[in-house]
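Chain by chain, the residues:
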Amino acid sequence: MSRYASLSRALQRQGVNARYSSTLSSSSSKSKTIFSGIQPTGVPHLGNLLGALSNWVELQNNAAPNDTVIYSTVGYHAITMPQDPKVLREDRLNSLACLLAVGIDPKRSILFLQDQSKLAVSRNANSEDEVSDSLLNLGLFAYPVLQTADILLYKATHVPVGEDQQQHLELSRDLADLFNRTNKSNIFPLPQHIITPAKRILSLRDPTQKMSKSAPNPKSRILITDDYSEIRAKIRSAVTDSMPSISYDPENRPGVANLLTILAACSGTSKSVPELAQEYSAKNHAELKADVTEAVERLVGPIRENYRRVRNDEAWLREVSNDGIQRAREIAVRTMEQVKHQIGLGPL
């Protein structure tokens, strides 16, 4: 049995993949190249899983035989902030193992370490509170251009992005179009965005903010490697309010609304969050938190166990990494040869 078969079935039973429709046209016979990346800084959390990562797995599993699916851990994003080299080396392997654990199959996708393929991108800061002014550098300011470099280098036709990334993808389209028109070529396709229609998972300690890997309080997030006791403790300590009943009111009761959103997302129910809230109207916070804990464990448990198996097989993990790097490098070299030839810098 494949390393990924049992996990894929577990995710499908929870309805994860079914909740993430893409803008890809199943009727189109033209081959597509899907590209995306994730920073190797810390273990992905529940918000990452229910957002980008589950969508990546769905895109991989639904790709046509002639499509190319490319996923990367983007190491150059990380070093725009101070890093402990030993920790970063471990984080790169850990991130690779996490992607394999959630269901990325290196036989169906190109999975590689970006920093081993080309010099590329920077840390993405979407809000002023993500970084200290004293730590800003060129990589942070140049992020949209550097993201474009990745997208164009692998000739991506489709890029799964969050709503806050659409403007960066528009730059990729503009620069691809500018190069093609200036050089009278069609080397670069104009990448299309694939919006991830995922629920916004908020911090367990401050439900006015998104769940984040960089938040100082570790109890604010559920990691995909957390064991059952850790999940239970974090959800038990999740911020709610003083009202005894359960209702869905994101503006006035963000903590309770967040728990209901997590419950709906992890349980795979076809009911809307407000409909689910109606079922809990006569229950208390403790009962809601108990059910959320069980739903999260059912989803995260198989991923956690798969991660442990993959991470303990470091030889195979490095083999996957080396194979992905080679396959990605072949595409990158081919693209750069075409670009250089088009602008007159190819071999004489």
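For the structure itself, consult the block above.
Structural notes, computed from the coordinates. Computed from a predicted model, the values in this text were never measured in an experiment. (Residues numbered from 1 in each chain as written. Predicted model: local features only at pLDDT ≥ 70, side-chain atom pairs only at ≥ 80, totals over all residues. Heavy atoms only, no water.)

**So, the overall build of the protein**
- Each helix and strand in the protein was counted, giving twelve helices and five strands.
- By residue count, 50% of the 348 residues in the protein fall in the buried class.
- Considering only residue pairs separated by 6 or more positions, the protein has 76% of its internal contacts joining residues 24 or more positions apart.
- Total accessible area on the protein stands at roughly 16,800 Å², and carbon and sulfur atoms take up 51% of it. (Helix = DSSP H or I, 4+ residues; strand = E, 2+ residues; numbered from the N terminus. Buried < 20%, exposed > 50% of the residue type's maximum accessible area, 1.4 Å probe, protein only. Contact = heavy atoms within 4.5 Å. Areas by Shrake-Rupley, 256 points an atom, 1.4 Å probe, with all protein chains shown as cover.)

**Some details on the packing of aromatic side chains**
- Per the stated rule, a full pass over the model turns up four aromatic pairs.
- When the centroid spacing of 4.4 Å and the interplanar angle of 0° are considered together, the rings of Trp-56 and Tyr-71 count as stacked. Remark: Tyr-71 occurs in strand β2 (residues 68–73) and Trp-56 occurs in helix α2 (residues 46–62); sequence separation between them is 15 residues.
- Trp-56 sits in the buried class, given a relative accessible area of 2%.
- Relative to Phe-188, the ring of Phe-179 has its centre 5.2 Å away and its plane inclined at 70°; by these criteria the two rings are edge-to-face.
- Note on Phe-188: relative accessible area 10%, which makes it buried.
- Taken together, the aromatic side chains of Phe-35, Phe-112 and Tyr-154 make up a single cluster linked through ring pairs.
- Between Lys-283 and the ring centre of Tyr-280, over which it is positioned, the NZ or CZ distance is 4.6 Å. (Phe/Tyr/Trp six-rings, centres within 6.5 Å; stacked < 30°, edge-to-face > 60°. Lys NZ or Arg CZ within 6 Å of the ring centre and 35° of its normal.)

**Focus on the pattern of salt bridges**
- With the rule as written, the count across this model stands at eleven salt bridges.
- For Arg-304, the salt bridge goes to Glu-297, with nearest N and O atoms at 2.7 Å.
- Overall, the relative accessible area of 6% leaves Arg-304 in the buried class.
- The class for Glu-297 is buried, based on a relative accessible area of 18%.
- Arg-308 is paired through a salt bridge with Glu-305; the nearest N and O atoms lie 3.2 Å apart. One end of the pair, Arg-308, and the other, Glu-305, are both in helix α11 (residues 285–312), three residues apart, so they sit about a helical turn from each other.
- What makes Arg-308 partly exposed here is its relative accessible area of 38%.
- Judged by its relative accessible area of 33%, Glu-305 falls in the partly exposed class. (Salt bridge = Lys/Arg side-chain N within 4 Å of Asp/Glu carboxyl O.)

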